[in-house]
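# Residue-level structure breakdown
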Amino acid sequence: KQEMCSEVLHSSAKHAWKYINTKENSKDKYLIELPASISVPNDFFVKGKRGSGHKQVNKYRTPVVEGLVQELEQAIDIVNACKARGMQLIFAKFDSMRPTWAAAATATAMLDA
């Protein structure tokens, strides 16, 4: 948290930053949440708000973070595609030995009966 905001936020905002959502399927992931009372740099744009009154929290994103999020999303997509391909290869190898597995299942069933 400190490393990510050290160059972007001024000192009062660094201590006020409470949360960043990193849940993969969340619609507001990778947003910086700061109290509405904290002034932020001009390149921060508001993506959402939560709460009201003195407890209001604004959800921000910066152009730098936007670019990093896009790169991260692409990397996650590549990892997921590779995992899916790996599972396809495992199942194809298993299926190529179907007669052996069928014989083993039949023998086990005979011994169990």
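Check the entry above for the structure.
Summarised in this report is the structure supplied together with it. (Residues numbered from 1 in each chain as written. Predicted model: local features only at pLDDT ≥ 70, side-chain atom pairs only at ≥ 80, totals over all residues. Heavy atoms only, no water.)

### Focus: the overall build of the protein chain
On a plain count of helices and strands, the protein chain comes out with four helices and four strands. In the protein chain, the succession of helices and strands from N to C terminus is α-α-β-β-β-β-α-α. Within the protein chain, the proportion of its 113 residues that are buried is 21%. Of the contacts formed within the protein chain by residues at least 6 apart in sequence, a portion of 32% connects residues at least 24 apart. Roughly 8,600 Å² of accessible area belongs to the protein chain as shown, and the carbon and sulfur atoms make up 60% of that amount. (Helix = DSSP H or I, 4+ residues; strand = E, 2+ residues; numbered from the N terminus. Buried < 20%, exposed > 50% of the residue type's maximum accessible area, 1.4 Å probe, protein only. Contact = heavy atoms within 4.5 Å. Areas by Shrake-Rupley, 256 points an atom, 1.4 Å probe, with all protein chains shown as cover.)

### Remarks on the packing of aromatic side chains
Enumeration over the complete set of coordinates arrives at two aromatic pairs. Measuring from ring centre to ring centre gives 5.2 Å for phenylalanine 94 and tryptophan 101, while their planes differ by 20°; the resulting arrangement is stacked. (Phe/Tyr/Trp six-rings, centres within 6.5 Å; stacked < 30°, edge-to-face > 60°.)

### Focus: the pattern of salt bridges
By the definition in use, this model includes four salt bridges. Glutamate 33 serves as the salt-bridge partner of arginine 50, at 2.6 Å between the closest nitrogen and oxygen. Of this pair, arginine 50 sits in strand E3 (residues 45-50) while glutamate 33 sits in strand E2 (residues 32-35), placing them 17 residues apart in sequence. Accessibility expressed as a relative area gives 42% for arginine 50, which makes it partly exposed. (Salt bridge = Lys/Arg side-chain N within 4 Å of Asp/Glu carboxyl O.)

### Remarks on the pairing of strand E4 (residues 57-61)
For E4, the tally of buried residues reaches five of five residues, placing the bulk of the element in the interior. Here E4 shows no split at all, with Val57, Lys59 and Arg61 on one side and Asn58 and Tyr60 on the other all buried. The pairing of E2 with E4 spans four bridges and is classified as antiparallel. Bridge pairing in E4 places proline 35 opposite valine 57. Pairing analysis gives five bridges linking E3 to E4, with the strands arranged antiparallel. The partner of phenylalanine 45 across the bridge, within E4, is arginine 61. The hairpin turn running from E3 into E4, its antiparallel successor, is six residues long, and glycine 51 in that turn takes a positive phi close to 85°. (Pairing = 2+ DSSP bridges.)

### Structural notes on the packing of helix H3 (residues 63-96) against helix H4 (residues 98-112)
It is the contact of H3 with H4, at a shortest axis distance of 5 Å, that shows an interaxial angle of 65°. Taken together, H3 and H4 sit at an angle that is classed as roughly perpendicular. Along the contact surface, H3 presents Phe94, Asp95 and Ser96, while H4 presents Arg98, Pro99 and Trp101. Residue composition of the contact of H3 with H4, grouped by class: three nonpolar, one polar and two charged. (Axes fitted to C-alpha atoms, helices over the stretch in contact; angles between N-to-C directions. Parallel < 35°, antiparallel > 145°, perpendicular 65-115°, else oblique. Nonpolar A, V, L, I, M, F, W, Y, C, P; charged D, E, K, R; others polar.)

### Digging into the side chain of lysine 59
Within the secondary structure, lysine 59 sits in strand E4. The class of lysine 59 is buried, set by a relative accessible area of 12%. Setting aside its immediate chain neighbours within four residues, lysine 59 contacts Asp28, Leu31, Ile32, Glu33, Phe45, Val46, Lys47, Gly48 and Arg50.

Purely geometric stuff here, so don't read any function into it on its own.
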